[in-house]
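Architecture at a glance
For reference, the chains in residue letters:
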Amino acid sequence: MINIRKSGTPDIVVVGGGAGGLALATRLGDKLGRRKKANVTLIDAQRTHIWKPLLHEVAAGTLDSHQDELEYLAQAHWHHFRFRLGYVDGVDRSQKRVSVAPTRNVEGREIIPRRWFDYDVLVMAVGSVCNDFNIPGVSQHCLFLDTTEQAELFQRRLMESIIYAHSRGGPDNAAQLHVAIVGGGATGVELAAQLHNVAGQLAAYGLDRVDPKRDVKITVIEGTERILPALPKRLSEATELELNNLGVQVKSNKKVVKVDAGGIQAADGEYIPCGIKVWAAGIKAPAFLSKIEGLEVNRLNQIVVDGSLRSTRDASIFALGDCAACPWSGHEGPVPPRAQAAHQQAKLLAKSIPRLLREKPLPQFRYRDYGSLVSLGEYSTVGNLMGKITGSIFVEGMIARLVYLSLYKLHQIALFGVTRVFFLTMSNLFRRAVHPAIKLH
């Protein structure tokens, strides 16, 4: 049971418009906002949403974010919730309100002052950021893929480096077009495969003075004994074999201790010269969560929640997705930070919060692992699918690719519905007929 701060319509605030947060705000808006049973507000620091598993494609240039992004204001209008732009940097639990930092334009001028938003129910869905583990030089010399802006920055940096090398008849040195990706998880592996695809296509668009096989090098550096360490070993081995066939070098058991302008230093003494460095090794929740007085958080800044996704120390605050440490029945660790988990949690809270307002018992979250898929671009897709009857099935090739693509469609259906997703899909097919396969600017 919660105490409504004031008489009238309760205020539900969702912080974070990622896969889980946006799906939850959409469902609550349709259930409660449309009938004026609650005021539903979504707060995010970005104006638009893009499915985070697609950021590696934005970074490689095989996906134009401006064609696949969703505008929060439009989604709010269609689904009866309010969207407010800004970065939440604090929560006052005693007053039940969240603090939103001032918003500035590209020139640094303040366009929206600091604001406070009251809540009766607060849902933190702020996702995660890369964890640099306080390794010297990482924050100064590495690129990250936490946001669309960071992915687009990488894409611009890559294109500028290739255009520079092309204008001079080739790279100045072997390290100039060497892309080193630290982190052999799904993001690092998928980015490596997409980059190989892009490098091979550039000659067709006139940048033929750069040899993709000789001049462009891609290395994946993983600190554990194999890439994709969180996934079955068979999947890891199949993926590494495919990467090797593409010419991508994989360095396992290679712990990074320092990064500088010229390259990456490993603990075993090896120095890897590289012109472009990407950090995709581990995640943590945003630091401000650990500063919310009275909330229980773990060492990764994740809010510790119970089986109903409610924070352990505040009955008015819930958390979902990567920023939540949710118990996983039968496992020592929490529910893994995957998009499928965030979607399942959003679906549960869309049922739980209306029950909470009616003072009904809350259901418990039961995570169902449907398996994992890793896309290697146009070359292959590998993974395992899991079910109650079939157990774990290893899949690859066209079947795995179709399943992988269907995951994004399911995300779109949760936001738009079947009819609109059908027309969006048809529109994208026609668009590809008149646009280059990769982004060239």
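Residues numbered from 1 in each chain as written. Predicted model: local features only at pLDDT ≥ 70, side-chain atom pairs only at ≥ 80, totals over all residues. Heavy atoms only, no water.

Moving on, we get to the packing of aromatic side chains. The geometry of an aromatic ring pair is captured by the separation of the ring centres together with the interplanar angle, meaning the angle of the planes. Tallied over the entire structure, the rule returns three aromatic pairs. Aromatic side chains Tyr72 and Phe83 sit 4.9 Å apart centroid to centroid with 25° between the ring planes, which places their arrangement in the stacked category. Here Tyr72 is found in helix H4 (residues 72-79), whereas its partner Phe83 is found in strand S5 (residues 82-85), with 11 residues between them in sequence. Of the two residues, Tyr72 and Phe83, neither departs from the other in class, the shared state being buried. Aromatic side chains Tyr87 and Phe288 sit 6.0 Å apart centroid to centroid with 70° between the ring planes, which places their arrangement in the edge-to-face category. In this pair, Tyr87 is assigned in the loop between S5 and strand S6 (88-92) and Phe288 in the loop between strand S20 (283-284) and strand S21 (303-304), connecting sequence segments 201 residues apart. Tyr87 gets classed as partly exposed once you look at its relative accessible area, which sits at 44%. Using a relative accessible area of 9% as the deciding quantity, one classes Phe288 as buried. The ring of Trp116 has Arg97 lying over it, and the distance from NZ or CZ to the ring centre is 4.1 Å. (Phe/Tyr/Trp six-rings, centres within 6.5 Å; stacked < 30°, edge-to-face > 60°. Helix = DSSP H or I, 4+ residues; strand = E, 2+ residues; numbered from the N terminus. Buried < 20%, exposed > 50% of the residue type's maximum accessible area, 1.4 Å probe, protein only. Lys NZ or Arg CZ within 6 Å of the ring centre and 35° of its normal.)

Note on placement: Ser316 falls in the loop between S21 and strand S22 (317-319). Look at Ser316 and you get buried, because its relative accessible area is 9%. A polar side-chain atom of Ser316 sits 3.2 Å from a polar atom in the side chain of Lys96. (Polar contact = N/O pair within 3.5 Å; in protein donor to acceptor, adjacent residues only side chain to side chain.)

In the contact formed by helix H1 (residues 19-33) and H4, the axes pass within 8 Å of each other and the chain directions differ by 25°. Classified by the interaxial angle, the pair formed by H1 and H4 is roughly parallel. For the pair H1 and H4, the contacting residues are Leu22, Thr26, Gly29 and Asp30 in the first and Tyr72, Gln75 and His79 in the second. Its residues placed into classes, the contact of H1 with H4 shows two nonpolar, four polar and one charged. (Axes fitted to C-alpha atoms, helices over the stretch in contact; angles between N-to-C directions. Parallel < 35°, antiparallel > 145°, perpendicular 65-115°, else oblique. Contact = heavy atoms within 4.5 Å. Nonpolar A, V, L, I, M, F, W, Y, C, P; charged D, E, K, R; others polar.)

Right, let's talk about the pairing of strand S7 (residues 97-100) for a bit. Sheet topology places S6 next to S7; four bridges connect them, and they run antiparallel. For Gly90, the partnering residue across the bridge sits in S7 and is Ser99. If you look at the hairpin formed by S6 and S7, you'll find four residues sitting between the two strands, and Lys96 has a positive phi there, around 55°. Pairing of S7 with strand S10 (residues 115-118) involves four bridges; the strand directions are antiparallel. Among the inter-strand pairings, Arg97 is bridged to a residue of S10, identified as Asp118. (Pairing = 2+ DSSP bridges.)

Fair warning: the whole summary comes from geometry, so function is off the table for now.
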